Amino acid sequence: MPFHHICIMVSDLDRSVPFYQDLLGFKNVLFESAEPGNWFDASTLDDILGAKNAATRIVIVSDDSGATLELQQAANPITTKAPDEYLRYGATGITELALTVPDIDDLFQRVKAAGVEVQTDYIWTPMPGLRSFLFYDPDGALIQAMEVSDDQSA
C-alpha cells in the first residue's frame, strides 16, 4: 500500500515551510489553509485535534517526484515542540523521515552551510551501495538522507 503523505506537526510553520522547501525541495504548495471547512467541518476538526474550537494551519507541499508532506501547526491546542528524547531512537513511533537524494555530498554541504544540526559530521555507508547522514528539522525531528547507487537499486 503506497504512502499518500506524511504529516509533520511543527511549532512554527513560518520557519518550517522554508526549511522543507528551500533545503529539501518540497517546493510545490498543493494546499494551504487555516479555515475550518476547507478540509474538515469545525466539529470534525475538534474531534481530530481533541479540543473544542480547534484551530490549525496546514500547508501541503510536494517535491517534483510527487512525495508529499503535510506541515501542520495547531493554534488550539497549541502545537508544542516534543522533547528531543522523544524524537530520537529509543522512543516509540515514527523516528525518522528518510529521503532519497541524488547527490548526498551536495545536500550534506548545504545542510551544514545552513547551520542545521547533523547527527554525525560525516556521511556513512550503512551497506554497499548506500550513503547516508542524519540531520534535524527546526523542531528536532530526525531526517535521514540516503543516496542509492545504481548497483543497490537493482
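It should be noted that the structure appears before, not after, this text.
Values in this document were obtained by computation on a predicted structure and should not be read as measured data.

### Some details on the pairing of strand β5 (residues 96-100)
Working step 1: Here β5 shows one buried face, formed by L97 and L99, and one open face, formed by E96, A98 and T100.
Working step 2: Pairing of β5 with strand β7 (residues 142-148) involves five bridges; the strand directions are parallel. Counted as the bridge partner of T100 is M146 from β7.

### Topic: the sheet that holds β5
Working step 1: With mixed pairing, three strands are arranged side by side in an open sheet as β5-β7-β6. The open sheet has two edge strands, β5 and β6 (130-136), and neither has a second partner. Each adjacent strand pair in this sheet contributes to an overall mean axis angle of 20°, direction not counted.
Working step 2: Direction of pairing for β6 relative to β7: antiparallel, over a ladder of seven bridges.

### Considerations on unusual backbone geometry
Working step 1: Of note, the amide linkage connecting N76 to P77 takes the cis form, showing an omega dihedral of -5°.
Working step 2: Topologically, P77 is positioned in the loop between β4 (68-76) and β5.
Working step 3: The backbone of N53 shows a phi angle near 60°, a positive value even though the residue is not glycine.
Working step 4: Examined against the element boundaries, N53 turns out to sit in the loop between α2 (42-49) and β3 (55-62).

### Examining the pattern of salt bridges
Working step 1: Applying the stated rule across the entire model yields ten salt bridges.
Working step 2: Of the charged contacts, one joins D84 and K81 as a salt bridge, the two residues approaching to 2.6 Å between their closest N and O atoms.
Working step 3: Close ionic contact of D121 with K112 constitutes a salt bridge, the shortest N to O distance being 2.1 Å.
Working step 4: When its relative accessible area of 54% is taken as the criterion, D121 is described as exposed.
Working step 5: Taken together, the shared-partner salt bridges in this structure form one network comprising D14, E32 and R57.

### Things to note about the environment of S65
Working step 1: Within the element layout of this structure, S65 appears in the loop between β3 and β4.
Working step 2: When its relative accessible area of 64% is taken as the criterion, S65 is described as exposed.
Working step 3: With 36 residues separating them in the primary sequence, S65 and V101 have C-alpha atoms 11 Å apart.
Working step 4: A polar atom in the side chain of S65 sits 2.7 Å from the side chain of D63.
Working step 5: In terms of polar contacts, S65 uses its side chain to reach the backbone amide nitrogen of A67, at 3.5 Å.

Thresholds applied
- Residues numbered from 1 in each chain as written.
- Predicted model: local features only at pLDDT ≥ 70, side-chain atom pairs only at ≥ 80, totals over all residues.
- Heavy atoms only, no water.
- Buried < 20%, exposed > 50% of the residue type's maximum accessible area, 1.4 Å probe, protein only.
- Helix = DSSP H or I, 4+ residues; strand = E, 2+ residues; numbered from the N terminus.
- Pairing = 2+ DSSP bridges.
- Axes fitted to C-alpha atoms, helices over the stretch in contact; angles between N-to-C directions.
- Salt bridge = Lys/Arg side-chain N within 4 Å of Asp/Glu carboxyl O.
- Polar contact = N/O pair within 3.5 Å; in protein donor to acceptor, adjacent residues only side chain to side chain.

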